[in-house]
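Understanding the architecture of this molecule
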Amino acid sequence: MSRLLRNGLLGLFLLAPLLANAAATTDAAAQIIVIKASRFAFQPAKIALKKGQTVILELSSTDKLHGFFLPDFGIRADVMPGKTVRIRFTPDKIGTFIFRCDIFCGDGHEEMVGEIIVRQEL
C-alpha cells in the first residue's frame, strides 16, 4: 500500500469520530417536528417556524402511502407506513407556505394540506 494512501486512510480513521460527533451536535441543535400523515390530514396541519432556524421534519404515515410536497422550499418525500422520513431544512424566507399530499390516497385527498408559517421571530 502506498504511503499516501495509508496516511489518507489513517487520517479518515482518526477524523471519523469527530465528524460523527459534529453531525450529532448539529442534529441536537435542530428543532424536531413530528408530522403524522393519515387519510386525509396531516397532524399538525399548521407549523410555526423561525426564519433561519434549522428544523428536522419527522414524517410518518399511520395508514398508507402518502406524499409530502412543500414546493416553496423544494421539498418532496414519500411517506410510507411503518417508516420515518427525516427532512432537514432551514427556512430562508418569511410567509405562509402550503404543503400537501401529492400521492392520491382516496376521496378527500385534495383536502390533505397543511401550512408552514415562517416568521422572523416566534
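Computed from a predicted model, the values in this text were never measured in an experiment.

**Here we look at the pairing of strand E6 (residues 75–79)**
Side chains Ile75, Ala77 and Val79 of E6 all project onto a buried face; the interleaved residues Arg76 and Asp78 project onto a face where none is buried. As defined by bridge partners, strand E5 (residues 66–70) adjoins E6 across five bridges and the pair is classed as antiparallel. What sits directly across from Leu70, in E6, is Ile75.

**A few points about the packing of aromatic side chains**
Counted by the stated rule, this structure contains five aromatic pairs. Note on Phe68 and Phe99: the rings are 5.0 Å apart at their centroids and 35° apart in plane angle, and the pair reads as tilted. Of the two residues, Phe68 sits in strand E5 while Phe99 sits in strand E8 (residues 95–100), which places them 31 residues apart along the sequence. The exposure class of Phe99 is buried, given its relative accessible area of 0%. Pairwise contacts between aromatic rings join Phe42, Phe68 and Phe99 into one cluster. The ring of Phe73 has Lys93 lying over it, and the distance from NZ or CZ to the ring centre is 5.1 Å.

Scoring rules and cut-offs
- Along each chain, residue indices are assigned from 1 in the same order as the chain's sequence is written.
- With pLDDT at 70 or above as the cut-off, local features in this predicted model cover only qualifying residues; side-chain atom pairs require 80 or more to be listed or tallied, and sums for whole chains, interfaces and linings still use all residues.
- The side-chain figures draw on all heavy atoms in the structure; neither hydrogens nor water molecules are used.
- Think of it in three bands: with a 1.4 Å probe and only protein chains considered, a residue is buried below 20% of the maximum accessible area for its type, exposed above 50%, and partly exposed in between.
- Counting from the N terminus, the helices are DSSP H or I runs at least four residues long and the strands are E runs at least two residues long.
- We call two strands paired when DSSP finds no fewer than two bridges between them.
- Ring pairs shown here join Phe, Tyr and Trp side chains whose ring centres sit within 6.5 Å, with only the six-membered ring taken for Trp; geometry is labelled stacked below 30 degrees between planes, edge-to-face above 60, and tilted in between.
- In this scheme, Lys NZ or Arg CZ marks a charge over a ring once it lies within 6 Å of the ring centre and within 35 degrees of the ring normal.

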